[in-house]
Amino acid sequence: MTAISHRFVDLIPEDLEDGVVYVCVQYETVSHLCFCGCRNEVVSPLHPQQWSLSFDGSTISLTPSIGNWSFPCQSHYWIHRSQVRWAKGLGSDQISKLRAREQRLLEDHYEAQLDTEPDRKTLIPAVSRLRNQIAAWLRRSM
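Residues numbered from 1 in each chain as written. Predicted model: local features only at pLDDT ≥ 70, side-chain atom pairs only at ≥ 80, totals over all residues. Heavy atoms only, no water.

Asker: Can you help me understand the environment of Gln74 in this one?
Answerer: By the element assignment, Gln74 lies in the loop between β7 (60-67) and β8 (76-80). For the pair Gln74 and Cys36, spaced 38 residues apart in the sequence, the C-alpha separation amounts to 9.3 Å. (Helix = DSSP H or I, 4+ residues; strand = E, 2+ residues; numbered from the N terminus.)

Listed below in structure tokens is the structure:
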């Protein structure tokens, strides 16, 4: 395992330091240089179907694991309590299956979001009625 540090930032800096995980809460993003030493920037969006971050007051953990499948190094590790825990390498078939699963989970999440959004045909008249009610209230108040 390798110890790392973290910084909470307003914006991810252009020049990242080795061994530092940058957490930007406002933009729901975590970024760091790959821990294998290849210096590729790893960006992990904080999202219910992607990564989640926990902070216990002194250390951070990021789940699930980081699989840098598109990098030449194809490194794979977990960040747990500000420690890097290395995982075994995966074959190309395993990587393809993982990527397909991640894509399906993301698509399912967004599809569920669309199903729960109000119907535009009912939303627009409701907004118009509210606008008219506010305008009438303002005229009476003056």
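Asker: Where do I start with the pattern of salt bridges in this structure?
Answerer: Opposite charge on two side chains permits pairing when their charged atoms draw close. This structure, assessed with the given rule, holds 2 salt bridges. Of the charged contacts, one joins Arg7 and Glu17 as a salt bridge, the two residues approaching to 3.0 Å between their closest N and O atoms. Of this pair, Arg7 sits in strand β2 (residues 5-8) while Glu17 is found in the loop between β2 and β3 (20-24), placing the two residues 10 residues apart along the sequence. For Glu17, a relative accessible area of 39% puts it in the partly exposed group. Two residues, Asp18 and Arg39, come together in a salt bridge whose shortest N-O distance is 2.8 Å. Here Asp18 is found in the loop between β2 and β3, whereas its partner Arg39 is found in the loop between β4 (29-33) and β5 (41-45), with 21 residues between them in sequence. The class for Asp18 is exposed, based on a relative accessible area of 52%. (Salt bridge = Lys/Arg side-chain N within 4 Å of Asp/Glu carboxyl O. Buried < 20%, exposed > 50% of the residue type's maximum accessible area, 1.4 Å probe, protein only.)

Asker: Explanation requested: the nonpolar core in the structure shown.
Answerer: Buried together is how nonpolar side chains tend to be arranged in soluble globular proteins. With 16 residues, the main nonpolar core has Val21, Phe35, Leu62, Tyr77 and Ile79 as its most contacted residues. When residues of this core are traced back to their parent elements, those giving at least two are β3, β7 and β8. Looking at this core, the element that brings in the most residues is β7, giving 3 residues. Excluding residues that lie within four positions of it along the chain, Leu62 makes contacts with Val30, Ser44, Leu46, Trp51, Ser52, Leu53 and Ile79. Ranked by size, the runner-up nonpolar core spans 6 residues in total, among them Val9, Val20, Tyr22 and Cys24. (Core = buried A, V, L, I, M, F, W, Y, C linked by side-chain atoms within 4.5 Å. Contact = heavy atoms within 4.5 Å.)

Asker: Which parts of the structure should I look at to understand the packing of aromatic side chains?
Answerer: In this description, an aromatic ring pair is defined by two values, namely the gap between the centres and the angle between the planes. Evaluated as defined, the whole model comprises 3 aromatic pairs. Seen from their ring centres, Phe8 and Phe55 are 5.0 Å apart, and the 75° between their planes marks the pair as edge-to-face. A residue pair is termed long-range when its members are at least 10 positions apart, and Phe8 in strand β2 and Phe55 in strand β6 (residues 52-55) qualify at 47 residues. On the basis of relative accessibility, which here comes to 41%, the residue Phe8 falls in the partly exposed class. On the basis of relative accessible area, Phe55 is assigned to the partly exposed category, the value being 43%. An angle of 70° between the planes, with centres 5.2 Å apart, marks the rings of Tyr77 and Trp86 as edge-to-face. (Phe/Tyr/Trp six-rings, centres within 6.5 Å; stacked < 30°, edge-to-face > 60°.)

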